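Chain by chain, the residues:
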Amino acid sequence: MGEGRPGVAATLQALNGALGRPAALWVKESGARNLRHRDFLAPRAALSAAFPGGQVPPEAVSAVPSLRGPAVLPLRVCRQTPAGLAVQVRRPEAFQRLLGPLPSPAPPAAGARTGCVVLHCPALRGAAALRPRHLRSVLLADHLAQLLRAQGVGVCLVPALTEERSWDVLRQLRICWPSGSGGSSLTDAVSALKAALGQCPCAAACEQGLGTAEGVIFKVHLKNFVEQQGLVGYDPNLDVLLVTEKTLWSLAELQEAVLHCPVSDPLALPASHFPNSSCCSIIHVVNCEEEFQQQQLDVLWRILDPGAHTALQKHLVCGPVKVTNPSSPIGADQYFQLRKRQMYEASVMKYGELAQDEAWTEVIDTLTVAAIRFEMLSTAHRSQITLDLENNSISTKGTKSGAFVMYNCARLATLFDTFQRAVERGTYPPLPPVSELNFSCLREEGEWLLLFNYILPFPEVLQQAAQLPPPSKGIRITANTETVCKFLIQLSMDFSSYYNRVHILGEPFPHLFDQMFARLQLLGAVRDVFHSALATLHLPPLSQI
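About the criteria used
- Residues numbered from 1 in each chain as written.
- Predicted model: local features only at pLDDT ≥ 70, side-chain atom pairs only at ≥ 80, totals over all residues.
- Heavy atoms only, no water.
- Pairing = 2+ DSSP bridges.
- Helix = DSSP H or I, 4+ residues; strand = E, 2+ residues; numbered from the N terminus.
- Core = buried A, V, L, I, M, F, W, Y, C linked by side-chain atoms within 4.5 Å.
- Buried < 20%, exposed > 50% of the residue type's maximum accessible area, 1.4 Å probe, protein only.
- Contact = heavy atoms within 4.5 Å.
- Salt bridge = Lys/Arg side-chain N within 4 Å of Asp/Glu carboxyl O.
- Expected span 1.5 Å × (residues − 1).

- For the chain, an unreviewed UniProt entry supplies the name DALD3 protein and the organism Rhipidura dahli.

Laid out in structure tokens, this is it:
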């Protein structure tokens, strides 16, 4: 069909336009109870504010079902109800249009440029062992990078990992972070920054001796600069910064990342992500305990390099990670090994000797990564996370866990593997093309719920998760980094409920094939959504569990 893939935003825009009012009057329903009667609603209170007496002109109401557009859902009926103006979708046609393969992003036009973001994670600097609080900011930066890349935005991750430390825990968690030694270009950049400090009126050179901390080469007065520039959002306790070679090396790495960004032009940045930006955006992803030190580095960079990019620095701050009753401070590697042992024990309890087979080693590893990523990322980044390490808080059954999501993804893999083997035995014919399927067979409540709440809005969910706020005077920003995890948890709950209730692969009678094939096409699209969402978390789909 030539109408394209329907979307929620385009449908809501068309509905609002049909009523001739600039205000957003319509909402998409999502609850199972309301979806039995309507798919979109213009609430009575909103209509009363927009129309005299809340009475919508009859001609506007009658025009709603005839709305058309490339991304507008096919609408069946619009009627007045006690709750407001209610619209239902022509569901068989909506199934038909949505259950093809997920559309790939359109290739960029010749000469087109994409935006760039530098994601800086200070937790990966220094010789100290990584703690769970550091791991949270690293996992968040890794996930945000994947989300931005999925929207066509270039991402540079800083700092590069050095060979001086063991980064096994990052590899175990499938965190994709660049490595490198820096090289002569960074050495030259550090020398240039030293020269700039020597000419800076805010800085004073330090000679090693009494009263000077070891390694300090300059003292820089940050507070005066912040006040003179009228910078907003900085800690009032910022005052004198003691600059070391390590400090300048950190700045040099950031400068190098900016130079390698593929954009320095406002036209190159997608407006939905970086409105009014004039160059690549720089986001410092920090835990709340490192925020003060990162603000010091931010101001120092502004002093030494007063370009447009340093003025666009923003800080995405993660809330604290509280570990309940630790016998001693726990490192990120110990945290991973503890969760892995707990996942193994939970799997043995559920699956018995099967879980002790060597083939399950990779399954246990993946479930552990999923458990930790969901534990760290399903909470809004500003909020505190509490890790209960004493009790076995890892479960293969809990509906809010990463293991539960992976379990349901594996159920889908098992379903399609079973179907394929039955086709090869001649029990069922192969799945016909989408154009030959009869979607009017899909009348079960859970089938519309899966399509309308997950398959339909999924591309927009990814866009919203990657969306960063427009520039503002402050330095803190928020991001919707919990969106994908929460989406996957809710999808898993609704899919599990449907799958437990409905028998998909029925008896091999021809009169039952229409419904079975339509259901398989629906669940194939659900599987694609699972796989695409898990990819933003660096989680491979499991084929067994």
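Don't stop here, the text continues.
**What to know about the pairing of strand 2 (residues 40-43)**
- Pairing geometry for strand 1 (residues 27-28) and strand 2, over two bridges, is antiparallel. Residue pairing across strands places V27 opposite L41, the latter belonging to strand 2.
- The pairing of strand 2 with strand 4 (residues 84-89) spans four bridges and is classified as antiparallel. Paired with L41 across the strands is A86, a residue of strand 4.

**Things to note about the nonpolar core**
- If you look at the biggest cluster of nonpolar residues, it comprises 139 residues, and the most contacted ones within it are W26, L170 and L523.
- With 13 residues, the single largest contributor to this core is helix 19 (residues 510-535).
- In this structure W26 touches L12, L15, N16, L19, F40, L41, A42, C78, L85 and V87, once residues within four positions along its chain are discounted.
- Counting 38 residues, the second-largest nonpolar core is a separate cluster that includes L193, F218, L248 and L297.

**Some words on the pattern of salt bridges**
- Counted under the stated rule, the structure contains 17 salt bridges.
- For R90, the salt bridge is made with E93, and the minimal N-O distance between the two is 2.8 Å.
- Of the charged contacts in the structure, one is a salt bridge between K194 and E245, with a shortest N-O distance of 2.3 Å. In this pair, K194 sits in helix 8 (residues 184-198) while E245 sits in helix 10 (residues 245-259), placing the two residues 51 residues apart along the sequence.

**A few points about helix 14 (residues 360-377)**
- A rise of 1.5 Å per residue sets the reference length of helix 14, with its 18 residues, at 26 Å; its end C-alpha atoms lie 25 Å apart and thus fit the reference within 8%.
- With respect to burial, helix 14 is a largely interior element, 15 of its 18 residues being buried.

**Considering the pairing of strand 4**
- Of all six residues in strand 4, six are buried, a share of seventy percent or more.
- Taken together, the six bridges between strand 3 (residues 75-81) and strand 4 define a ladder with antiparallel strand orientation. What sits directly across from C78, in strand 4, is V87.
- Count of turn residues in the strand 3/strand 4 antiparallel hairpin: two residues.

**Overview of the side chain of R519**
- Structurally, R519 can be placed in helix 19.
- Beyond its immediate chain neighbours, meaning those up to four positions away, R519 contacts L442, E444, E447, Y498, V502, H503 and I504.

**Side note on the sheet that holds strand 3**
- Strands sit in the order 1-2-4-3 across an open sheet of four strands; the sheet is antiparallel. Each edge of the open sheet is held by one strand with a lone partner, namely strand 1 and strand 3.

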